[in-house]
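Residue-level listing of the chains:
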Amino acid sequence: MSVTATPVPDSVRAALRSPRRLRTEVLAGLVVALALIPEAISFSIIAGVDPRVGLFASTTMAVTIAFVGGRPAMISAATGAVALVVAPIVRTHGLDYLVATVLLAGVLQVVLGLAGFARLMRYVPRSVMVGFVNALAILIFVAQLPHLVGVSWVVYPLVAAGIAVIVLLPRLTTAVPAPLVAIVGLTLLTVGASIAVPTVGDEGALPDSLPHLLLPDVPVSLETLRIIAPYAIAMALVGLMESMMTATLVDEVTRTRSDKRREAWGQGVANIVTGAFGGMGGCAMIGQTMINVKESRARTRISTFLAGAFLLALVVGLGDVVAKIPMAALVAVMVMVSVGTFDWHSVRPSTLRRMPRSETAVMLATVAVTIATHNLAWGVGAGVVVASVLFAVRVAHQTGVERMPDEPDGAHRYVLTGALFFASASDLVHRFEYDEAPARVVLDLSGAHLWDASTVAALDGVTSRFEQQGAVVELVGLNTDSASRHARLSGHLGAGH
């Protein structure tokens, strides 16, 4: 199905002119802001920094990406993947080196974005994308388990009630996002009935002032660069990969096309701004993005901007009120996000029977590595590697060498078919009959393609074997690309190739 692009300015203007559309965007931003609070605090703890660092990072990331990003309605904020990357430098060198790392990572992302990093997403197979989505859904669900262990029994019916509201309310009305109703309703219930349950305030202290510019107090030297560069490179790559995968997923959900090149360098700009305000950096957040575009049906930059603005207003201006929100309400929201994110069709028995085993293996590898490392970038990388290897194996088995009837002059004729590359050419020299070779041998390559030096070297080996028997070898039917490669490399590769 083709995906048509909707011009971003027109969609924003259309939302501003439509009270109903604008209400959807505003309420979606509010729901996302509420969901961001415990996540940002949790990721701050993972990174080893004060909760204020994660909350301010989420605010600046969301507000900035709303203007410079290439995927409307996608939410960027402090994330677990980035927190895991930067945690070691916080432990060994402190907050100032973290900020310097975030600034350098932002610069690298801008450079990579302008250089066309987003184009690499075309090499990510669909099975890796499915594995990415499923692994993410599992991680989102697993992240809620600590809030369900060792707590009062009252938490469980509250979570169940929140899930019921999110599932059932849309059947009655979609005027107000169901997650927002669940959060407000459970908060009023626990406060009004004085029910003692874990709250957002128990997760960490909320800031009571606005963020301010904070340049890192580190020496400007090659030694500093040596310390922060490995973490900055890892952060830049992890952030871009997770953001590009999330943008692709949102494209499918909304049936619109995003500008991934702009999103890539926009992530860099957002991280530079975040670092300048002393934030821990971040990237696209799949869970909150799904709340925004799937649960709340937001479609424009308005919701992204308001998510950051509401987050700042909530934690600074209404911190006492936000602190009373029961974690059970947010757990209910995130559980339903995980259920909605998981691709259930991919694990149906009928789908697994129909799907090639290699595709299923790639999906499972992506899920397994992601869950084992809690790093989506590692999972995607592993999935791409497995997919590439299995693809090479599959294509290698599609090549053939067939002996055809002899030519009128008695010459042997062989027809080679398929993609000839390192995997398929490794045993090519053993697929011909060299004994009692005639004076002339014809190798017909009209149904084949020479992809690399390994194939040219293999054909040189075949030719040499026949020439040792006194035969002259003729290669016929080479297409333009294959002929050019063979002419350039044949006879120049040496025995080592």
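Procedures and definitions
- Residues numbered from 1 in each chain as written.
- Predicted model: local features only at pLDDT ≥ 70, side-chain atom pairs only at ≥ 80, totals over all residues.
- Heavy atoms only, no water.
- Phe/Tyr/Trp six-rings, centres within 6.5 Å; stacked < 30°, edge-to-face > 60°.
- Helix = DSSP H or I, 4+ residues; strand = E, 2+ residues; numbered from the N terminus.
- Pairing = 2+ DSSP bridges.
- Axes fitted to C-alpha atoms, helices over the stretch in contact; angles between N-to-C directions.
- Contact = heavy atoms within 4.5 Å.
- Parallel < 35°, antiparallel > 145°, perpendicular 65-115°, else oblique.
- Nonpolar A, V, L, I, M, F, W, Y, C, P; charged D, E, K, R; others polar.
- Salt bridge = Lys/Arg side-chain N within 4 Å of Asp/Glu carboxyl O.
- Buried < 20%, exposed > 50% of the residue type's maximum accessible area, 1.4 Å probe, protein only.
- Right-handed = clockwise from strand over helix to strand, strands pointing away.
- Patch = residues over 30% accessible without salt bridge, like charges linked within 9 Å, V, L, I, M, F, W, Y side chains within 5 Å.
- Areas by Shrake-Rupley, 256 points an atom, 1.4 Å probe, with all protein chains shown as cover.
- Expected span 1.5 Å × (residues − 1).
- Bend = angle between axes of the 7 residues up to and from the residue.
- pLDDT = per-residue confidence, 0-100.
- Core = buried A, V, L, I, M, F, W, Y, C linked by side-chain atoms within 4.5 Å.

Some thoughts on the packing of aromatic side chains
Turning to step 1, where the next piece is worked out: As enumerated under the stated definition, the model contains eight aromatic pairs in all.
Turning to step 2, where the next piece is worked out: Judged by centre distance (4.9 Å) and plane angle (70 degrees), the ring pair of Tyr-414 and Phe-432 falls under edge-to-face. Separated by 18 residues along the polypeptide, Tyr-414 in strand 4 (residues 412-420) and Phe-432 in the loop between helix 18 (422-425) and strand 5 (440-450) bring together distant segments of the chain.
Turning to step 3, where the next piece is worked out: Measuring from centroid to centroid gives 4.7 Å for Tyr-434 and Phe-466, while their planes differ by 50 degrees, and the two rings are tilted. One end of the pair, Tyr-434, is in the loop between helix 18 and strand 5; the other, Phe-466, is in helix 19 (residues 453-468), with 32 residues separating them in the sequence.

A short note on the sheet that holds strand 6 (residues 472-476)
Turning to step 1, where the next piece is worked out: Strands sit in the order 3-4-5-6 across an open sheet of four strands; the sheet is mixed. Across the chains shown, the open sheet's two edge strands, defined by having one partner strand only, are strand 3 (400-404) and strand 6. Averaged over neighbouring strand pairs, the angle between their axes works out to 20 degrees when direction is ignored.
Turning to step 2, where the next piece is worked out: Contacting strand 5 and strand 6, helix 20 (residues 480-489) crosses the sheet at an angle of about 120 degrees to strand 5.

Structural notes on the packing of helix 2 (residues 19-47) against helix 14 (residues 327-341)
Two packed helices can be described by the angle between their axes and the distance between those axes.
Turning to step 1, where the next piece is worked out: Packing of helix 2 against helix 14 brings their axes to within 10 Å, and their N-to-C directions diverge by 105 degrees. It follows from the interaxial angle that helix 2 and helix 14 lie roughly perpendicular. For the pair helix 2 and helix 14, contact is made by Leu-34, Ala-35, Pro-38 and Glu-39 and by Met-327, Leu-330 and Met-334, respectively.
Turning to step 2, where the next piece is worked out: Across the contact of helix 2 with helix 14, the residue classes break down as six nonpolar, no polar and one charged.

Looking at the pattern of salt bridges
For side chains bearing opposite charge, pairing can occur when the charged atoms are close.
Turning to step 1, where the next piece is worked out: On inspection of all chains with the given rule, the structure shows 12 salt bridges.
Turning to step 2, where the next piece is worked out: Residue Arg-403 pairs with Glu-433 through a salt bridge whose shortest N-O separation is 2.8 Å. On the criterion of sequence distance, the pair formed by Arg-403 in strand 3 and Glu-433 in the loop between helix 18 and strand 5 is long-range, its members being 30 residues apart.
Turning to step 3, where the next piece is worked out: On the accessibility criterion, Arg-403 (30% relative accessible area) is partly exposed.
Turning to step 4, where the next piece is worked out: Taking the relative accessible area as the measure of exposure, Glu-433 reaches 46% and is therefore partly exposed.
Turning to step 5, where the next piece is worked out: A salt bridge links Glu-407 to Arg-413, with the shortest nitrogen-to-oxygen separation between them at 3.2 Å.
Turning to step 6, where the next piece is worked out: For Glu-407, a relative accessible area of 22% corresponds to the partly exposed category.

Points about the pairing of strand 6
Turning to step 1, where the next piece is worked out: Sheet topology note: the strand 5/strand 6 ladder contains five bridges and is parallel. Following the sheet pairing, Leu-443 is matched in strand 6 by Leu-475.
Turning to step 2, where the next piece is worked out: Read from strand 5 through helix 19 to strand 6, the crossover connection turns out right-handed.

Remarks on a nonpolar patch on the surface
Turning to step 1, where the next piece is worked out: On the surface, Phe-141, Val-142, Leu-145 and Val-149 cluster together into a nonpolar patch covering about 320 Å² of accessible area.
Turning to step 2, where the next piece is worked out: With relative accessibility at 35%, the residue Val-142 sits in the partly exposed group.

Quick look at helix 9 (residues 222-254)
Given 3.6 residues per turn, any residue in an α-helix points the same way as the ones three and four places further on.
Turning to step 1, where the next piece is worked out: Between its first and last C-alpha, helix 9 extends 46 Å over 33 residues, near the 48 Å set by a 1.5 Å rise per residue.
Turning to step 2, where the next piece is worked out: Taking the largest bend as the criterion, helix 9 deviates by roughly 40 degrees, centred on Ile-228, and proline Pro-230 comes between one and four positions later.

A closer look at the side chain of Ser-58
Turning to step 1, where the next piece is worked out: In this structure, Ser-58 sits in helix 3 (residues 51-68).
Turning to step 2, where the next piece is worked out: Residue classification places Ser-58 among the buried residues on the basis of a relative accessible area of 0%.
Turning to step 3, where the next piece is worked out: In contact with Ser-58, other than residues within four places in its own chain, are Ala-40, Ser-76, Ala-77, Ala-78 and Leu-311.

A closer look at unusual backbone geometry
Turning to step 1, where the next piece is worked out: Positive phi values are uncommon outside glycine, yet Ala-73 reaches one of about 75 degrees.
Turning to step 2, where the next piece is worked out: Residue Arg-255 is not a glycine yet carries a positive backbone phi of 55 degrees.
Turning to step 3, where the next piece is worked out: With respect to the helices and strands, the residue Arg-255 is situated in the loop between helix 9 and helix 10 (260-276).
Turning to step 4, where the next piece is worked out: The exposure class assigned to Arg-255 is exposed, which follows from its relative accessible area of 53%.

Focus on the packing of helix 4 (residues 80-93) against helix 5 (residues 95-114)
Turning to step 1, where the next piece is worked out: Helix 5 packs onto helix 4 with a crossing angle of 145 degrees between their chain directions and a minimal axis gap of 7 Å. When helix 4 is examined against helix 5, the residues Val-86, Ile-89, Val-90 and His-93 are found in contact with a partner set consisting of Leu-95, Tyr-97, Leu-98 and Thr-101.

Description of the confidence of the model for the protein
Turning to step 1, where the next piece is worked out: With 97% of its residues at a pLDDT of 70 or more, the protein has an overall mean of 89.
Turning to step 2, where the next piece is worked out: Confidence over residues 1-9 falls short of pLDDT 50; this stretch has 12 contacts with residues more than four positions distant or in other chains.

Regarding the environment of Val-369
Turning to step 1, where the next piece is worked out: Here Val-369 is to be found in helix 16 (residues 357-373).
Turning to step 2, where the next piece is worked out: Judged by relative accessible area, Val-369 falls into the partly exposed class, the value being 27%.
Turning to step 3, where the next piece is worked out: Along the backbone, Val-369 and Gly-383 are 14 residues apart, and their C-alpha atoms lie at a distance of 8.4 Å.
Turning to step 4, where the next piece is worked out: Beyond its immediate stretch of four places on either side in the chain, Val-369 contacts His-374, Trp-378, Gly-379 and Ala-382.

What to know about the nonpolar core
Turning to step 1, where the next piece is worked out: One finds Ile-37, Leu-55, Val-86, Phe-132, Leu-206, Met-280 and Ile-291 to be the most contacted residues of the largest nonpolar core, which totals 98 residues.
Turning to step 2, where the next piece is worked out: The dominant element in this core, judged by the number of residues it contributes, is helix 2, at 12 residues.

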